[in-house]
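A structural walkthrough
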Amino acid sequence: MIALIVEQRCNACNLCVEVCPANVFEKAQVGPPTIARQIDCTTCFMCELYCRQDALYVAPDCESPTQVDAEAVLASGQLGRYRRDSGWDEWRGLYPNEQYLMERVFRRARAGDAADERPFPPVADPARAG
Ligand code: SF4
Ligand code: SF4
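Residues numbered from 1 in each chain as written. Chains lettered and ligands numbered in written order. Predicted model: local features only at pLDDT ≥ 70, side-chain atom pairs only at ≥ 80, totals over all residues.

**Section: the overall build of the protein**
Note the cut-off: Secondary structure elements are defined from DSSP: runs of H or I of at least 4 residues count as helices, runs of E of at least 2 residues count as strands, and each element is numbered from the N terminus. For every residue, the other C-beta atoms within 10 Å of its own C-beta are counted; 20 or more classify it as buried, 12 or fewer as exposed, and values in between as partly exposed. C-beta atoms are placed from the backbone. Note on contacts: residues are paired as contacts if their backbone-placed C-beta atoms lie within 7 Å.
A tally of regular secondary structure across the protein gives five helices and four strands. When the helices and strands of the protein are placed in sequence order, the string is β-α-β-β-α-β-α-α-α. Looking at the protein as a whole, 25% of its 130 residues qualify as buried. Look at the contacts in the protein between residues 6 or more apart in sequence, and 54% of them connect residues 24 or more apart.

What follows is the structure in structure tokens.
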């Protein structure tokens, strides 16, 4: 379920608002959209796929909201992972359609484990690091 928008990364493009099939987000007058209807999130990851700023974090628990700390998520390297493993945008040709890699994340979520510990390579744009 959508957990947070990292404000310092978001450029307010509102693509996530447009692609979300469950109308979870609300455009703001200025700045990042708000997560207005979190409970309606279906954990489809579309917003993560379309966010080229890697500013969104969708937690793998699709039943209930997950409380997360923005700094901890930034440090975890999880942001943008789904987009990368799906081979979108700058990852095209480098990670071609590796969505199956997310299986470990979902399996661990079902088992009640912590996040996957698989190492995550640094993102291409140094401005986004950490
Ligand atoms: S798609 Fe990403 S950058 Fe664009 S508004 Fe949504 S969170 Fe912000
Ligand atoms: S995971 Fe899917 S349903 Fe949830 S906020 Fe993102 S696009 Fe909307």
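Still more ground to cover, so stick around.
**Description of the site of ligand 2**
Using the following cut-off: Each residue receives a C-beta atom built from its backbone; the residue is near a molecule or strand if that atom lies within 6 Å of it. When residues are sorted by character, Ala, Val, Leu, Ile, Met, Phe, Trp, Tyr, Cys and Pro go into the nonpolar class, Asp, Glu, Lys and Arg into the charged class, and all the rest, Gly among them, into the polar class.
For ligand 2, the set of nearby residues contains 13 residues, the closest of which are Cys 20, Cys 41, Cys 44, Met 46 and Cys 47. Of the residues assigned to the shell around ligand 2, the class counts are eleven nonpolar, two polar and no charged.

**A closer look at the confidence of the model for the protein**
The condition is simple: Values of pLDDT, which run from 0 to 100, indicate the predictor's confidence residue by residue.
In this model, the protein carries a mean pLDDT of 82, and residues with pLDDT of at least 70 account for 73%. Confidence over residues 118–130 falls short of pLDDT 50; this stretch has 13 contacts with residues more than four positions distant or in other chains.

**So, the nonpolar core**
Note the following rule: Note on definitions: a nonpolar core is a set of buried residues drawn from Ala, Val, Leu, Ile, Met, Phe, Trp, Tyr and Cys, linked by C-beta atoms within 7 Å.
With 17 residues, the main nonpolar core has Ile 2, Cys 16, Val 24, Cys 47, Leu 56, Tyr 57 and Val 58 as its most contacted residues. Beyond its immediate stretch of four places on either side in the chain, Leu 56 contacts Ile 2, Ile 5, Cys 16, Cys 47, Glu 48 and Cys 51.

**Describing the environment of Cys 44**
Here Cys 44 lies in the loop between strand S3 (34–35) and helix H2 (46–50). With 16 C-beta atoms counted inside 10 Å, the residue Cys 44 sits in the partly exposed group. When the C-alpha atoms of Cys 44 and Ile 2 are compared, they prove to be 9.2 Å apart, with 42 residues separating the residues in sequence.

**Points about unusual backbone geometry**
Although it is not a glycine, Asn 14 adopts a positive phi angle of roughly 65°. Position of Asn 14 relative to the elements: it lies in the loop between strand S1 (2–5) and helix H1 (15–19). Looking at Asn 14, the number of C-beta atoms within 10 Å reads 15, which means it is partly exposed. The phi angle at Asp 54 is positive, at roughly 50°, despite the residue not being glycine. On the basis of neighbour counts, which here come to 21 C-beta atoms within 10 Å, the residue Asp 54 falls in the buried class.

**So, the environment of Val 6**
You can see Val 6 is positioned in the loop between S1 and H1. Residue Val 6 is classed as partly exposed on the basis of its 19 C-beta neighbours within 10 Å. Along the primary structure Val 6 and Leu 56 are separated by 50 residues, whereas in three dimensions their C-alpha atoms are 6.3 Å apart. With residues near it in sequence (within four places) discarded, Val 6 still touches Ala 55, Ala 70, Leu 74 and Leu 79.

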